[in-house]
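Chain by chain, the residues:
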Amino acid sequence: MNKILITGACGQLGSELTANLREIHGNDAVIATDISEPNPQMGNGPFEHLDVMKSDQIDEIIGKHQISVIYHLAALLSASAEQKIDLAWDLNMGGLLNILKAARDAQIERVFWPSSIPSFRPDTTKDGTPQNSPCNPATVYGISKLAGEQWCAYFHRKFGVDVRSLRYPGLIGYKSLPGGGTTDYAVDIYHKAVQEEPFSCFLEKNTKLPMMYMDDAVKATIDLMNAPSEDISIRTSYNISAISFSPEEIAESIKKEIPGFNISYAPDHRQDIAASWPNSINDSQARHDWNWKPAFSLDEMTKEILENLPAFWDIKAV
């Protein structure tokens, strides 16, 4: 049986991707790993503690479980990376190189690694940023993502590693707490709304950013990994897009369901990070190559999150 390894499985994306892959392939086929403790959102299945900066640990787990596919998600996110620049580079870059080398040496069938919109430069085309837009990132996180895209392309070109990547926009879900990203305000805002608390936003009210509901992000990831190799034309990282909105717009969407919700604005250092990113993304190449298409609008996402989020807090309270 083919075995799947997920690094960073306890994170926001990792938790939901792990659960979905276990539903598809069976619990025993998906090996979740992280430096943190497993959480209930990941579902049942094997778990190993793994520090991706230690290549011997990666090699040991690949051999122990006979891994054939890797989803490498372990990383320090944008806002946290600006506070811990050395750790961000060591983890985001060194961890990726360890995974790529292990994949090459173990002849892993396919590898997934996430890039992100911070790889674009502040003066790039803000609306409908194209696939091949010039990149000159303004943050440590963005620098590591741009370098990582090139390493992925290099390992595919030089060693034949079938590595695939997506440039995620901000990801929004209700099954885990915010994890240190600049776009995480759009996760936290729903938690505050359900708990009937006011929300203080660290971005300006009209700061528009590309976003995506977690269900769409998981689907895009799995669809990309299932696509035939000959259909993959981008070996750095595919643009993908779903919805773009500002804090003011998401607050108005919430007020349609919770009229008494209150939001205020207190921009901090994360405003400068967000201002360097695109407003919206052109993902026509992904739509052409492997038929990518998002399913959720802003209001559809809001309605689903607010309906399901109370169950998350019931679990946290146990």
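Scroll up to find the structure.
Read on for an overview of the structure.

The rules behind the values
- Residues numbered from 1 in each chain as written.
- Predicted model: local features only at pLDDT ≥ 70, side-chain atom pairs only at ≥ 80, totals over all residues.
- Heavy atoms only, no water.
- Pairing = 2+ DSSP bridges.
- Helix = DSSP H or I, 4+ residues; strand = E, 2+ residues; numbered from the N terminus.
- Contact = heavy atoms within 4.5 Å.
- Axes fitted to C-alpha atoms, helices over the stretch in contact; angles between N-to-C directions.
- Parallel < 35°, antiparallel > 145°, perpendicular 65-115°, else oblique.
- Left-handed = near helix turned anticlockwise from the far one by under 90°.
- Nonpolar A, V, L, I, M, F, W, Y, C, P; charged D, E, K, R; others polar.
- Salt bridge = Lys/Arg side-chain N within 4 Å of Asp/Glu carboxyl O.
- Buried < 20%, exposed > 50% of the residue type's maximum accessible area, 1.4 Å probe, protein only.

### A few points about the sheet that holds strand S6 (residues 163-168)
- Read across the open sheet, the seven strands follow the order S3-S2-S1-S4-S5-S6-S10; overall the sheet is parallel. Edge strands, defined here as strands with exactly one partner in the open sheet, are strand S3 (47-49) and strand S10 (238-239).
- Along the sheet face, helix H2 (residues 55-65) touches strand S1 (3-7), strand S2 (30-34), S3 and strand S4 (67-72) and points at about 160° away from the line of S3.

### Some details on the packing of H2 against helix H4 (residues 85-106)
- Orientation of H2 relative to H4, taken along the N-to-C sense of each, is 40°, at an axis distance of 10 Å. Classified by the angle between their axes, H2 and H4 sit oblique to one another. In this structure, the crossing between H2 and H4 has a hand that is right-handed. In this structure, H2 contributes Ser55, Ile58, Asp59 and Ile62 to the contact, and H4 contributes Asn98, Ile99, Ala102 and Ala106.
- Considering only residue class, the contact of H2 with H4 consists of five nonpolar, two polar and one charged.

### Regarding the pattern of salt bridges
- Counted by the stated rule, this structure contains 14 salt bridges.
- With a shortest N-O distance of 2.9 Å, aspartate 105 and arginine 104 are connected by a salt bridge.
- Its relative accessible area of 30% is what places arginine 104 among the partly exposed residues.
- Ionic pairing is found between aspartate 188 and lysine 192, a salt bridge with its closest N-O pair at 3.1 Å. Pair noted here: aspartate 188 and lysine 192 are both in helix H6 (residues 185-194), with a separation of four residues, about one helical turn.
- When salt bridges that share partners are traced, they join Arg110, Asp162, Arg164 and Arg235 into one network.

### Some details on the packing of H4 against helix H5 (residues 140-159)
- Put simply, H4 and H5 touch, their axes get as near as 10 Å, and they point 15° apart. If you check the angle between H4 and H5, you find them roughly parallel. H4 and H5 meet at a crossing whose hand is right-handed. Of the residues in H5, those touching H4 at Ile85, Ala88, Trp89, Asn92, Met93, Leu96, Leu97, Leu100, Lys101 and Arg104 are Val140, Tyr141, Ile143, Ser144, Ala147, Gly148, Trp151, Cys152, Phe155 and Phe159.
- Taken together, the residues of the contact of H4 with H5 break down into 15 nonpolar, three polar and two charged.

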